Amino acid sequence: MKKKILTAILVTVAGVTSAVPAVSAFNGVRAVGMGGAFIAVADDVQSVYWNPAGMVNIKEKQLGWQRVLTNRNSSNHLDAAQFAMPLDRKSGLGIMYSKVSDTYDPADNWRYDCNAWSLSYGRKISETVAIGATVRSGKETEDGIGNDYYNADIGMLYTASPKLTFGLLINDAAGSVQMIRGPREVRWNPAMAYRPDEKTIIAFDVSNLTEAYNEKREYSVGIEHKVNHSLALRAGSFRGSPTYGIGITATKDMEIGFAYMGDGHYSGRKLIGIRTTF
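Going along each chain's sequence as written, the residues are numbered from 1 onward. Where totals are concerned, whole chains, interfaces and linings use all residues; where local detail is concerned, this predicted model gives features only for residues with pLDDT of at least 70, and gives and counts side-chain atom pairs only at 80 or more. Water and hydrogen atoms were dropped before computing side-chain values, which therefore reflect all heavy atoms in the structure.

Peer 1: Would you explain the overall build of the protein chain in this entry?
Peer 2: Each helix and strand counted, the protein chain has three helices and 16 strands in total. Buried residues in the protein chain amount to 50% of all 278 residues. Sequence separation of at least 24 residues holds for 49% of the intrachain contacts in the protein chain that already meet a minimum separation of 6. Accessible surface, the protein chain as shown: approximately 13200 Å² in total, 58% of it carbon and sulfur. Under the DSSP-based scheme used, a helix requires at least four consecutive residues in state H or I and a strand at least two consecutive residues in state E, with every element numbered from the N terminus. Burial classes follow relative accessibility: with a 1.4 Å probe on protein chains only, a residue under 20% of its type's maximum area counts as buried, one over 50% as exposed, and anything between as partly exposed. Note on contacts: a residue pair qualifies if any of its non-hydrogen atoms lie within 4.5 Å across the two residues. To be clear on the numbers: accessible area is Shrake-Rupley with a 1.4 Å probe, and residue cover counts the displayed protein chains and nothing else.

Structure representation (structure tokens):
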């Protein structure tokens, strides 16, 4: 009966795409497989991007790497590498390098590139509350125009119970940041994650709650279920596209992940990633 319920949830989550866009695109194979609902999950190296407060959940050193496999010469994609480590029982540190590229019309040689470094720190301030911050430095170029930028994010995690966690990510918390494609304002992104058992996570995020800079509020939902010690299945909704993911534990300390985005704005995107603990 329990397996039937989980199967129904996976199908339902993947089917609500028209009503549930996502928080961000392509960052983290596990997160993308879960429809981009990861702010309140934040329990591995991908927390460097999704919620720096999640650095407190890093118990061993972790390395992560991802690459978008499809549409690399025709639309935007993101490749990234991350590292995270615990500092003590209450805090952790992470770093990420990411590269975003976008080509709308290869025939016109039009291209956008952005290279960025991020440094994240998280700390527990009580048994149930953790806070964190990310500082980011990036350089973007578009059609021969260059721009250097700096911004910062603030993250929070509140563990209401062993099964229920609330998260918050405040993007560009230091204020408006001027980018080539326009200014970025402070964005509030609340989230929650529910763990009905040790093998399952159901997550829900809200992106841009206050609709900053006249951009619409968006939603993200996802689920992860560990079938056994070597296989995890994921599904979600990501900006109008159903997402599907799988995690395969290749060795005791390494997982290979795949994510696929179905019909919708990001149709046909495939990602691969590796996460290792040492």
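Peer 1: What is the right way to read the pairing of strand 4 (residues 112-124) from this model?
Peer 2: Regular strands show a simple pattern: their side chains alternate between the two faces of the sheet. Here, a strand pair is defined by DSSP locating no fewer than two bridges between the strands. Where strand 3 (residues 91-102) meets strand 4, twelve bridges bridge the pair, whose relative direction is antiparallel. Pairing of G94 across the sheet is with S120, part of strand 4. Where strand 4 meets strand 5 (residues 129-142), 13 bridges bridge the pair, whose relative direction is antiparallel. Counterpart to K124 in the pairing with strand 5 is A130. From the end of strand 4 to the start of strand 5, which pair antiparallel, there are four residues.

Peer 1: So what exactly am I meant to see when it comes to the pairing of strand 11 (residues 200-207) here?
Peer 2: With respect to burial, strand 11 is a largely interior element, six of its eight residues being buried. Where strand 10 (residues 187-197) meets strand 11, five bridges bridge the pair, whose relative direction is antiparallel. Residue pairing for strand 11: A191 is matched across the bridge by D205. Two successive antiparallel strands, strand 10 and strand 11, enclose a turn made up of two residues. Bridging between strand 11 and strand 12 (residues 218-228) involves eight bridges; their strand directions are antiparallel. Paired with V206 across the bridge in strand 12 is Y219.

Peer 1: Can you walk me through the packing of aromatic side chains in this structure?
Peer 2: Two descriptors summarise a pair of aromatic rings, namely the distance from one centre to the other and the angle between the planes of the rings. Any two rings among Phe, Tyr and Trp, with Trp reduced to its six-membered ring, count as a pair given centres within 6.5 Å; such a pair is stacked if its planes are under 30 degrees apart, edge-to-face if over 60, and tilted if neither. Within this structure, the stated rule accounts for six aromatic pairs. Between F38 and W50, the ring centres sit 6.4 Å apart and the planes meet at 65°, which makes this aromatic pair edge-to-face. Remark: W50 occurs in helix 3 (residues 47-50) and F38 occurs in the loop between helix 2 (29-33) and helix 3; sequence separation between them is twelve residues. Using a relative accessible area of 0% as the deciding quantity, one classes F38 as buried. Note on W50: relative accessible area 0%, which makes it buried. With a centroid separation of 6.1 Å and 15° between ring planes, the pair formed by F204 and Y219 is classed as stacked. Here the residue F204 occupies a position in strand 11, and Y219 occupies one in strand 12, the gap between them amounting to 15 residues. Residue classification places Y219 among the partly exposed residues on the basis of a relative accessible area of 30%. Linked through ring pairs, F38, Y49 and W50 together constitute an aromatic cluster.

Peer 1: How do you make sense of the nonpolar core when you look at a structure like this?
Peer 2: Nonpolar side chains in soluble globular proteins tend to end up buried together. Working definition of a nonpolar core: buried Ala, Val, Leu, Ile, Met, Phe, Trp, Tyr and Cys residues. They are joined through side-chain atoms within 4.5 Å. Among the nonpolar cores identified, the biggest contains 13 residues, and M34, F38, V41, A193 and A203 are the most heavily contacted of them. Where this core is concerned, the elements lending two or more residues are strand 10 and strand 11. Dropping the residues within four chain positions of it, M34 is found in contact with V41, I201, A203, V221, G222, I223, E224, R234, A235, G236 and T243. Among the nonpolar cores identified, the runner-up in size contains eight residues, and M55, L78, A80 and M96 belong to it.

Peer 1: Please clarify how the pattern of salt bridges should be interpreted in this entry.
Peer 2: One side chain can pair with another of opposite charge once the charged atoms of both are near each other. Salt-bridge detection follows one rule: a side-chain nitrogen of Lys or Arg within 4 Å of a carboxyl oxygen of Asp or Glu. Summed over all chains, the structure comprises 15 salt bridges. Taking the shortest distance from any N to any O, the salt bridge between R195 and D43 comes out at 3.8 Å. Note that R195 is positioned in strand 10 and D43 in the loop between helix 2 and helix 3, a separation of 152 residues in sequence. Residue R234 pairs with E255 through a salt bridge whose shortest N-O separation is 3.1 Å. Taken as a pair, R234 in strand 13 (residues 231-238) and E255 in strand 15 (residues 254-261) lie far apart in primary sequence, 21 residues in all. Connected via shared salt-bridge partners are R30, D43, D44, R195, E224, R234, E255 and R275.

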